[in-house]
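# Inside the fold
Chain by chain, the residues:
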Amino acid sequence: MIRIALNAALIVLLAGCANHPVDCAIGFHHDDCLPGTAGYDDPKKFEKVDDEQCRSYGLVFGTPEYADCRVKLESARKHGVFN
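This structure is a prediction, so every number in the text was calculated from the model and none was measured. The residue numbers shown here count from 1 along each chain, following its written sequence. Predicted model: local features are reported for residues with pLDDT of at least 70 only, side-chain atom pairs are reported and counted for 80 or more only, and whole-chain, interface and lining totals are derived from all residues. Side-chain numbers here rest on the full set of heavy atoms in the structure, without hydrogens or water.

### Looking at the packing of aromatic side chains
- Each aromatic pair joins two rings of Phe, Tyr and Trp (for Trp, the six-membered one) with centres within 6.5 Å, and gets the label stacked for planes under 30 degrees apart, edge-to-face for over 60, and tilted for any other angle. The final tally for this structure, using the stated rule, is 1 aromatic pair.
- The interplanar angle of 75 degrees and the centroid separation of 5.3 Å between the aromatic rings of F61 and Y66 together place this pair among those described as edge-to-face.
- Whether a residue is buried, partly exposed or exposed follows from its accessible area with a 1.4 Å probe, protein chains only, as a fraction of its type maximum: under 20%, in between, or over 50%, in that order. Given a relative accessible area of 4%, Y66 falls into the buried group.

Set out below in structure tokens:
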């Protein structure tokens, strides 16, 4: 019985260590994501570019239209439109 409990504890600990590759693959950014994974690019590096792009359309920060513009740019990037 103790052996089963130790194996279960080990599996839980190892599963906790394995979340970054899964996170990176589905698009969550971590500093150690590998190039080519969906989470490799840090979304913060696009903040200024996206802000300037949306403002160039005449949109004002804080408006629903501006927020929608930012969401669309991020989504397009995640789906490879801007790669």
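### Some details on the pattern of salt bridges
- Between Lys or Arg on one side and Asp or Glu on the other, a salt bridge is scored when a side-chain nitrogen of the former is within 4 Å of a carboxyl oxygen of the latter. According to the stated counting rule, one finds 2 salt bridges in the structure shown.
- With its nearest N and O atoms 2.8 Å apart, the salt bridge here joins R55 to D51. Here D51 and R55 lie together in helix α3 (residues 47-56), a separation of 4 residues that amounts to about one turn.
- In this structure R55 comes out as partly exposed when scored by relative accessible area, which is 43%.
- As a salt-bridge pair, K72 and D68 come within 3.1 Å of each other at their nearest N and O atoms. Of this pair, K72 and D68 both sit in helix α4 (residues 64-78), 4 residues apart, roughly one helical turn.
- Using a relative accessible area of 53% as the deciding quantity, one classes K72 as exposed. Working definition: helices are DSSP H or I runs of at least four residues, strands are E runs of at least two. Numbering for both runs from the N terminus.

Function cannot be inferred from these measures alone, as they are strictly geometric.
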